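Results of the structural survey
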Amino acid sequence: MSLGFEEARQQIIYSGRRLDALGLAAATSGNFSVRLTDGSIAMTVSGRHKGRLGPDDIMRVDPEGRALEDKRPSAETALHTVIYSRIPQARAVLHVHSVAGVVLTRHLASAGELTLDGYEMLKAFPGITTHDTTARIPIYDNTQDVPALAGRVAAWLCSNPAAPAFLIRGHGAYGWGVNLEEAERIIEALEHLMRCEFEALRLRGGIA
Ligand SMILES: [Zn+2]
């Protein structure tokens, strides 16, 4: 199905309102993108509030993340383009800042992944049809060196082409899908699962 810039802009505006309402894009955090039929990418402009996006807050970049208009794309654009370049079926990428994700990944200070085991909600991830399974979501240490982080993500995606998401410690989550609807489903499911883990840890006294 062909997807042009105007339609992608409307989709991103709608997603911004939804994810902000869910508390996943406080202040001006997060960044969203959609890959267009011509191979360029509709990307949120740096520093714009995701709950209040208008058409001017979404711009086009090329597959390498270079601006195709006189605006500055998100500082994390390289993490979007690395997903598109390694995962041909990915057409939408969402990055959010979730409280549960931030707290959990900081608590799991030395962990390289978040293990999610036995949850019904795991079926929201592509290819999973039963609760009786385990998903492992990688956790990367946070850095302001986005190209270096993109390099690490690229290497992981090469050996995990079916993965739906990754986490950045103390920072947030990336999720993607064949369209924005699927990317939203993955982000919402991951948020649900991280909140379950957060609450379970709190019940066990692991988080005061
Ligand atoms: Zn971020």
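You'll find the structure just up there.
This write-up is about the structure you can find in this document. Everything quoted here is computed from the prediction, not taken from an experiment.

Rules used throughout
Residues numbered from 1 in each chain as written. Predicted model: local features only at pLDDT ≥ 70, side-chain atom pairs only at ≥ 80, totals over all residues. Heavy atoms only, no water. Buried < 20%, exposed > 50% of the residue type's maximum accessible area, 1.4 Å probe, protein only. Helix = DSSP H or I, 4+ residues; strand = E, 2+ residues; numbered from the N terminus. Arc of directions from axis to C-beta. Contact = heavy atoms within 4.5 Å. Lys, Arg positive; Asp, Glu negative; His and termini not counted. Salt bridge = Lys/Arg side-chain N within 4 Å of Asp/Glu carboxyl O. Polar contact = N/O pair within 3.5 Å; in protein donor to acceptor, adjacent residues only side chain to side chain.

1. So, helix H3 (residues 99-107)
For H3, the full list of buried residues reads Ala100, Gly101, Leu104 and Thr105. Here the buried residues of H3 occupy an arc of 115° about the axis, which is enough to place them on one side. Structural note: H3 exposes Val99 and Arg106 on the side pointing more than 90 degrees away from its buried face. In this structure, the buried side of H3 is in contact with strand E5 (113-117), strand E6 (134-140), strand E7 (165-168) and helix H5 (180-203).

2. Concerning the side chain of glutamate 191
Relative to the helices and strands, glutamate 191 resides in helix H5. For glutamate 191, which is buried and forms no salt bridge, the nearest opposite charge comes from arginine 195, at a distance of 4.1 Å. Sequence-distant contacts of glutamate 191, that is, excluding residues within four places in its chain, are made with Leu24, Ser98 and Ala100.

3. Side note on the pattern of salt bridges
Under the counting rule described, the total for this entry stands at 13 salt bridges. Arginine 18 serves as the salt-bridge partner of glutamate 188, at 2.8 Å between the closest nitrogen and oxygen. With glutamate 188 in helix H5 and arginine 18 in helix H1 (residues 5-21), the pair connects residues that are 170 residues apart, well separated along the chain. Between glutamate 182 and arginine 185 there is a salt bridge whose closest N-O contact spans 3.7 Å. Separated by three residues within a single helix, glutamate 182 and arginine 185 lie in helix H5, roughly one turn from each other. Exposure remark for glutamate 182: the relative accessible area of 16% places this residue in the buried category. A network of salt bridges, in which partner residues are shared, links Arg18, Glu184 and Glu188.

4. Regarding the side chain of serine 29
Residue position: serine 29 is located in the loop between H1 and strand E1 (31-35). Judged by its relative accessible area of 13%, serine 29 is buried. A distance of 2.7 Å separates the side chain of serine 29 from the backbone oxygen of alanine 26, its partner in a polar contact. When residues no more than four places from it in sequence are discounted, the contact partners of serine 29 are Leu24, Lys50 and His97.

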